[in-house]
Amino acid sequence: MKMYNHCDLCGKGGYIKLTAEQSEKLSQYHMGDGLVQELFPELNPTEREFIKTGMCMKCQKMMFGKAESKLITER
Ligand SMILES: [Zn+2]
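Residues numbered from 1 in each chain as written. Predicted model: local features only at pLDDT ≥ 70, side-chain atom pairs only at ≥ 80, totals over all residues.

### Structural notes on the overall build of the protein chain
Filter applied, for reference: Under the scheme used here, helices are H or I runs from DSSP no shorter than 4 residues and strands are E runs no shorter than 2 residues, and both carry numbers assigned from the N terminus. C-alpha atoms define the radius of gyration, and 2.2 Å times the number of residues to the power 0.38 defines the globule rule. Partly exposed residues are those whose C-beta has more than 12 but fewer than 20 other C-beta atoms within 10 Å; with 20 or more the residue is buried, with 12 or fewer it is exposed, and the C-beta atoms are placed from the backbone.
Scanning the protein chain from N- to C-terminus turns up 4 helices and 3 strands. Reading the protein chain from its N end, one meets helices and strands in the order β-β-α-α-α-α-β. Whereas a compact globule of 75 residues would reach a radius of gyration of roughly 11 Å, the protein chain reaches 12 Å, a difference of no more than 12%. Principal axes of the C-alpha set define a box for the protein chain whose edges measure 30 × 20 × 20 Å. Buried residues in the protein chain amount to 20% of all 75 residues.

### Considering the environment of Tyr 29
So the rule is basically this: It is the C-beta atoms, placed from the backbone, that decide contacts: two residues are in contact if theirs lie within 7 Å.
Inspection of the secondary structure assignment puts Tyr 29 in helix α1 (residues 20-30). The residues contacting Tyr 29, other than those within four sequence positions of it, are Gly 34, Val 36 and Leu 39.

### Side note on the pairing of strand β2 (residues 13-17)
Put simply, the test is: Two strands are said to pair when DSSP picks up at least two bridges between them.
Judged by which residues are buried, β2 turns out to be one-sided: Gly 14 and Ile 16 face inward and are buried, whereas Gly 13, Tyr 15 and Lys 17, on the alternate face, are not. Where strand β1 (residues 2-6) and β2 come together, 5 bridges link them in antiparallel fashion. Following the sheet pairing, His 6 is matched in β2 by Gly 13. Hairpin connection between β1 and β2: a loop of 6 residues separates the two successive antiparallel strands, and Gly 11 in this loop has a positive phi of roughly 80°. Of the strand pairs in this sheet, β2 and strand β3 (residues 72-74) are connected by 3 bridges, and their pairing is antiparallel.

### Things to note about the sheet that holds β1
The line we're drawing: Whenever a helix is involved, its axis is fitted only over the stretch in contact; in every case the axis is a line through C-alpha atoms, and angles between N-to-C directions fall within 0 to 180 degrees.
Spatial strand order, β1-β2-β3: 3 strands in an open sheet with antiparallel pairing. Edge positions in the sheet fall to β1 and β3, since each has one partner strand and no second. Strand-to-strand, the axes of this sheet are offset by a mean angle of 25°, without reference to chain direction.

### A short note on the nonpolar core
Note the cut-off: By convention in this section, buried Ala, Val, Leu, Ile, Met, Phe, Trp, Tyr and Cys residues joined through C-beta atoms within 7 Å make up a nonpolar core.
If you look at the biggest cluster of nonpolar residues, it comprises 8 residues: Ile 16, Phe 50, Ile 51, Met 55, Cys 56, Met 57, Ala 67 and Ile 72. Aside from chain neighbours lying at most four places away, what touches Phe 50 is Asn 5, Ile 16, Met 55 and Ile 72.

### Points about the environment of Glu 42
Mapped onto the fold, Glu 42 is located in the loop between α2 (36-39) and α3 (45-53). Between the C-alpha atoms of Glu 42 and Gln 22, which are 20 residues apart in sequence, the distance is 9.9 Å.

### Concerning the confidence of the model for the protein chain
Our working rule: The quantity known as pLDDT measures the predictor's confidence residue by residue, on a range of 0 to 100.
Put simply, the protein chain has an average pLDDT of 97, and 100% of its residues get 70 or more. The least confident element of the protein chain is β3, whose mean pLDDT is 96; the most confident is α3, at 98.

Here it is, written out as structure tokens:
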């Protein structure tokens, strides 16, 4: 499935592709059950930040010096 989010800094929207298992964990996360790094250890920091805050790769690159993901699609 696709999880849509948007970047608070630049307003850009995008989505990340998640497996069925990850989607279930996402509902868990949204209910406040667990931390993003515990629920998604297989995702990289850029992807976890996107799930948490929606920050796009460009803004993450600006903030953290690097950002990389094959799963995130920006629009
Ligand atoms: Zn942005």
